[in-house]
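If you want the building blocks of each chain, they are given just below.
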Amino acid sequence: LAVHRTALCGRCFSPYSPVHEVVVMKGVQVCMTTGVLENVISYAIDHLKSAPCMMITADAELAHLRMETNITPMIQLSGLSHLIKSSDIGNARKTGHTEKKVEWIGGGFLLPFGAQNANKLRSIPIQYLLRDETDGWPDTVGKDGDPMKLSHDRTAAYESSRKVGDLSTPTIKGQSKIEKRFELGDKRYYYVCCLGCGFAQVLRWNRVDKDGVVSGIVWETEGGRLVPDSVRYLCENCGHAHTNDDKTRLLAPENGAEWRPTATPTTPHIRSYHLSALYSPVGMQSWSACVEKWLQAWDPERNAPKDMDALQTFYNNVLGQTFELRGEKVRFDQVSSHRRHWYSYGEIPNQHTARYCGGPVLVLTCAVDVHADN
């Protein structure tokens with residue numbers, strides 16, 4: 001099932017597909033990095049032959065770690081080692097050495113870089129650009145600028161045949177790079193069909209509609225602790241209760257599960273996907289594990305957060321959504337009436353301070369004590 005979910009996304013990387021850019025905003029443990037990024041690399045080695053490829057992660061150390069722990073074993077276990085021209089790729093696991101450039105028969109190659117290596121992001125034309133965990137990238141690198149734009153410019157020589165893949169778990173709303181990219185595409189979600197009534201829907205967290213009907217993930221607690229095996233997914237149409245083991249059938253394409261676009265992309269060449277951790281395959285992250293993370297972050301009795309950091313982690317890693325800090329905004333007319341008449345915007349009241357304090361203003365401090373009712 002994980003292969004199927006990523007296969008439709010992976011087909012966009014075929015030279016016969018009109019799609020040039022693929023964006024995946026995701027939770028954790030949904031097999032997207034392995035199912036898309038690594039499979040595109042093996043596809044380039046075994047079928048494309050001549051395509052110059054670049055894989056970019058947050059930093060160079062992470063890029064080389066990804067090569068050593070993921071890419072090199074994938075090449076070896078996929079039976080592709082005989083196509084590799086780099087002499088040390090077969091011994092990488094034994095020697096601990098990781099290739100800075102992997103070349104294969106046909107002239108193609110893979111360059112693993114970190115987003116902070118700005119000087120390397122502007123030097124080589126690239127046809128297949130794979131960018132992983134983009135929300136962990138810096139906004140700028142010294143005087144070189146935005147690494148997202150720098151790396152994208154590497155594909156300019158292949159304008160009609162380039163493929164750009166962006167995969168990342170989102171972070172803060174308004175700052176998330178992957179969310180901005182996701183909004184440019186057709187915003188595809190994976191619809192599953194209820195095993196009770198067949199109604200197609202996106203797997204969502206617990207929610208209550210305007211009529212008070214509860215759907216999505218539900219659970220029971222005792223003494224503030226999750227009751228084992230109480231977690232269910234309720235259909236938003238008929239209320240049928242699904243267990244975590246039902247995901248195998250829920251996610252199966254033969255039962256009607258499919259990707260559906262929900263928006264018109266800015267250009268027809270961009271396709272974007274969203275996948276939360278609720279879709280994690282059976283045997284990996286369960287619905288119960290997701291609820292445990294929610295209960296660590298949220299106090300249901302007070303209906304308020306327990307831990308803001310844990311709450312952000314839940315939104316990012318489980319729901320695959322950006323996290324938005326919300327609060328009440330102070331209005332200008334509320335505070336302007338308290339302003340002293342001798343203070344004017346843009347001016348320092350040195351005449352006033354000299355009269356009452358014996359000298360001009362030397363240091364300006366500001367302290368704010370905030371309460372909900374004041």
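Residues numbered from 1 in each chain as written. Predicted model: local features only at pLDDT ≥ 70, side-chain atom pairs only at ≥ 80, totals over all residues. Heavy atoms only, no water.

Here the focus is the pairing of strand 7 (residues 188-193). When you tally the buried positions in strand 7, you get 5 out of 6 residues, the bulk of the element. When strand 7 meets strand 15 (residues 258-261), the two strands line up antiparallel, connected through 4 bridges. Bridged to R188 within strand 15 is P261. Pairing between strand 7 and strand 8 (residues 200-202): 3 bridges, direction antiparallel. From the neighbouring strand, C193 faces strand 8, where its bridge partner is A200. Once strand 7 ends, the chain turns through 6 residues before running back antiparallel as strand 8, passing G198 with a positive phi of about 85°. (Buried < 20%, exposed > 50% of the residue type's maximum accessible area, 1.4 Å probe, protein only. Helix = DSSP H or I, 4+ residues; strand = E, 2+ residues; numbered from the N terminus. Pairing = 2+ DSSP bridges.)

Below, the discussion takes up the sheet that holds strand 10 (residues 214-218). The sheet built from 4 strands is open, its strands ordered 9-10-13-14 with antiparallel pairing. Two strands bound the open sheet, and with one partner strand each, they are strand 9 (207-208) and strand 14 (241-242). Across 2 bridges, strand 13 (residues 232-234) lies against strand 14 in antiparallel orientation. Among the inter-strand pairings, Y233 is bridged to a residue of strand 14, identified as H242.

The complete set of buried residues in helix 8 (residues 287-297) reads W287, C290, V291, W294, L295 and A297. Buried residues of helix 8 fall within an arc of 160° about the axis and therefore sit on the same side. (Arc of directions from axis to C-beta.)

Further remarks concern unusual backbone geometry. Phi angles above zero are rare outside glycine, and K49 is one such case at about 65°. Residue position: K49 is located in the loop between helix 2 (32-48) and strand 2 (52-57). Not every positive phi belongs to a glycine, and N303 is a case in point at roughly 55°. You can see N303 is positioned in the loop between strand 17 (298-299) and strand 18 (304-305). The exposure class assigned to N303 is exposed, which follows from its relative accessible area of 56%.

There is a patch of nonpolar side chains on the surface, built from V330, F332 and V335 and spanning about 320 Å² of accessible area. In this fold, F332 is placed in helix 10 (residues 332-335). (Patch = residues over 30% accessible without salt bridge, like charges linked within 9 Å, V, L, I, M, F, W, Y side chains within 5 Å. Areas by Shrake-Rupley, 256 points an atom, 1.4 Å probe, with all protein chains shown as cover. Salt bridge = Lys/Arg side-chain N within 4 Å of Asp/Glu carboxyl O.)

Turning next to the packing of aromatic side chains. As enumerated under the stated definition, the model contains 12 aromatic pairs in all. Residues W205 and F314 carry aromatic rings whose centres are separated by 5.0 Å and whose planes lie at 65° to one another, so their mutual orientation is edge-to-face. One end of the pair, W205, is in the loop between strand 8 and strand 9; the other, F314, is in helix 9 (residues 308-318), with 109 residues separating them in the sequence. Residue class for W205 comes out buried when judged on its relative accessible area of 12%. On the basis of relative accessibility, which here comes to 1%, the residue F314 falls in the buried class. A ring pair is formed by W294 and F314, whose centres lie 5.1 Å apart and whose planes are at 55°; its orientation type is tilted. Here W294, found in helix 8, pairs with F314, found in helix 9; they are 20 residues apart in sequence, far enough to count as distant. Grouping residues by exposure puts W294 and F314 together as buried. Counting every residue linked through ring pairs, the aromatic cluster contains W205, W219, W294, W298, F314, Y315 and F323. Across from the ring centre of F109, 4.5 Å away, lies the NZ or CZ of K101, which sits over that ring. (Phe/Tyr/Trp six-rings, centres within 6.5 Å; stacked < 30°, edge-to-face > 60°. Lys NZ or Arg CZ within 6 Å of the ring centre and 35° of its normal.)

This paragraph deals with helix 9. Considered for burial, the residues of helix 9 that qualify are L311, F314, N316 and V318. Against the buried residues of helix 9 lie strand 1 (21-26), helix 8, strand 17 and strand 18. N-capping of helix 9 is provided by D307, with a side-chain oxygen placed 2.9 Å from the backbone N of D309. (Contact = heavy atoms within 4.5 Å. Polar contact = N/O pair within 3.5 Å; in protein donor to acceptor, adjacent residues only side chain to side chain.)

Within strand 10, 4 of the 5 residues are buried, leaving the element largely enclosed by the surrounding structure. Strand direction decides the pairing type here: strand 9 and strand 10, joined by 2 bridges, are antiparallel. Bridging across to strand 10, V208 finds its partner in V214. Direction of pairing for strand 10 relative to strand 13: antiparallel, over a ladder of 3 bridges. Its bridge partner being in strand 13, I217 is matched across the sheet by Y233.

Scanning all chains against the criterion turns up 14 salt bridges. We note a salt bridge from E21 to R181, for which the minimum N-O separation is 2.6 Å. Here the residue E21 occupies a position in strand 1, and R181 occupies one in helix 6 (residues 177-184), the gap between them amounting to 160 residues. Taking relative accessible area as the criterion, E21 reaches 9% and is therefore assigned buried. Its salt-bridge partner being D186, residue R188 comes within 2.7 Å of it at the nearest N-O pair. Of the two residues, R188 and D186, both sit in the buried class.

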